[in-house]
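Next come the chains, spelled out residue by residue.
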Amino acid sequence: MIHSLHMIWNPSEGLDLGFIKLRYYSLMFVIAFGLGWFLMKKIYDREVLSVEKLDKLFIYTVLATLIGARLGHVFFYDWDYYKDHLFEIISPVRFTPKFEIVGFSGLASHGAAIAIITVMYFYSKKIIQKPVLWILDRVIIPVAIGGVFVRLGNFFNSEIIGHETTNALGIRFLRDKFSPREAMEITGIPDYNQAYDAIAHNPQFAEALNLVLAKHPTQLYEAFGYILVFIIVYYMYWKTDARKKLGYIFGVFLVLLWMVRFIVEYMKESQGGFEDQLGNILSTGQWLSIPFIIVGIYLWVTAKNRVYES
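Parameters and conventions
Residues numbered from 1 in each chain as written. Predicted model: local features only at pLDDT ≥ 70, side-chain atom pairs only at ≥ 80, totals over all residues. Heavy atoms only, no water. Axes fitted to C-alpha atoms, helices over the stretch in contact; angles between N-to-C directions. Helix = DSSP H or I, 4+ residues; strand = E, 2+ residues; numbered from the N terminus. Parallel < 35°, antiparallel > 145°, perpendicular 65-115°, else oblique. Left-handed = near helix turned anticlockwise from the far one by under 90°. Contact = heavy atoms within 4.5 Å. Salt bridge = Lys/Arg side-chain N within 4 Å of Asp/Glu carboxyl O. Buried < 20%, exposed > 50% of the residue type's maximum accessible area, 1.4 Å probe, protein only.

(A) Layout of the packing of helix α11 (residues 248-264) against helix α12 (residues 284-302). One way to put it is that α11 packs onto α12 with a least axis distance of 7 Å and a crossing angle of 155 degrees. Considering their axes alone, α11 and α12 lie roughly antiparallel with respect to each other. As for the relative orientation of α11 and α12, their crossing is left-handed in sense. In this structure, α11 uses Tyr 248, Phe 250, Gly 251, Val 252, Leu 254, Val 255, Trp 258, Met 259, Arg 261 and Phe 262 to contact α12, whose residues at the interface are Gly 285, Gln 286, Ser 289, Ile 290, Phe 292, Ile 293, Val 295, Gly 296, Ile 297, Leu 299 and Trp 300.

Shown next as structure tokens:
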């Protein structure tokens, strides 16, 4: 049954600048890191720390995010494949069963979180000579808003989608239903972008379009939740004395952000991983979120015992 009120989502792959096509997913990462630098600049100005130290923080964070997210996907979600294709962990090309450029598909936020926390330990010791919880209380502010743009990138890519729904919020993800090859085979059009457009708008392919059922836009649910998390931690830092209690803001962040993730996972399609080995009681994303929530609760509750005057 088709629900006419449900939007058909078939975005272009990015902005065509003539000499290059800037993919929306990449653009969202650029915005996330750029906005993150701006927010941390304001914080470092308040804390009277140099731009040189901020630039090093930026480099540390970018590398930790990208490398950690990649390795997180490899080990948490797709190790069964990569254990036999180790080169593809760091290679944007695949040689079997045929040569093709595949890029670096697969990033996991849990891996990025672990990497950022690890790198912040070394940054705090080597660069700013402050407790690691001091920098974590601050760096999670841009991380929270950065998560919003990452999920918007997932939305543009029609990935990390929810279960089918008749809810009015449901969206019909055309590029999730049909692969580029399937779209070209259905329409007979050799360009897959044009093929998708034909399925979406040409009555000749209405039968194919009817197969595209509405699903929960879980990327947008998470993005909205992360906006709320950002507002809370931003307010805590700028408008209260929470920044003086080591681990307080970071603890609140861990609890709220991973609770958002835990709840939204109930509406997501399975992303794979090890959930089937644990009886499919929870998704892989939910299992990985639990340790962060527990640590967050501990830091939140005990923060009053760690007052730090910088």
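Once the structure has been displayed, the description carries forward.
(B) View of the packing of helix α10 (residues 218-239) against α11. Relative to each other, α10 and α11 sit at 165 degrees, their axes nearing to 10 Å. It follows from the interaxial angle that α10 and α11 lie roughly antiparallel. The handedness of the crossing between α10 and α11 comes out as right-handed. Each of Thr 218, Tyr 221, Glu 222, Gly 225, Tyr 226, Val 229, Ile 232, Val 233, Met 236 and Tyr 237 in α10 lies in contact with α11, whose residues at this interface are Tyr 248, Ile 249, Val 252, Phe 253, Leu 256, Leu 257, Val 260, Arg 261 and Val 264.

(C) Molecular detail of the pattern of salt bridges. Summed over all chains, the structure comprises 11 salt bridges. For the salt bridge of Lys 41 with Asp 45, the shortest nitrogen-to-oxygen distance reads 2.9 Å. Taken as a pair, Lys 41 and Asp 45 lie in helix α1 (residues 24-46) at a separation of 4 residues, close to a single helical turn. Residue Lys 41 is classed as partly exposed on the basis of its relative accessible area, which comes to 24%. Lys 268 serves as the salt-bridge partner of Glu 222, at 2.5 Å between the closest nitrogen and oxygen. With Glu 222 in helix α10 and Lys 268 in the loop between α11 and α12, the pair connects residues that are 46 residues apart, well separated along the chain. Taking the relative accessible area as the measure of exposure, Glu 222 reaches 0% and is therefore buried.

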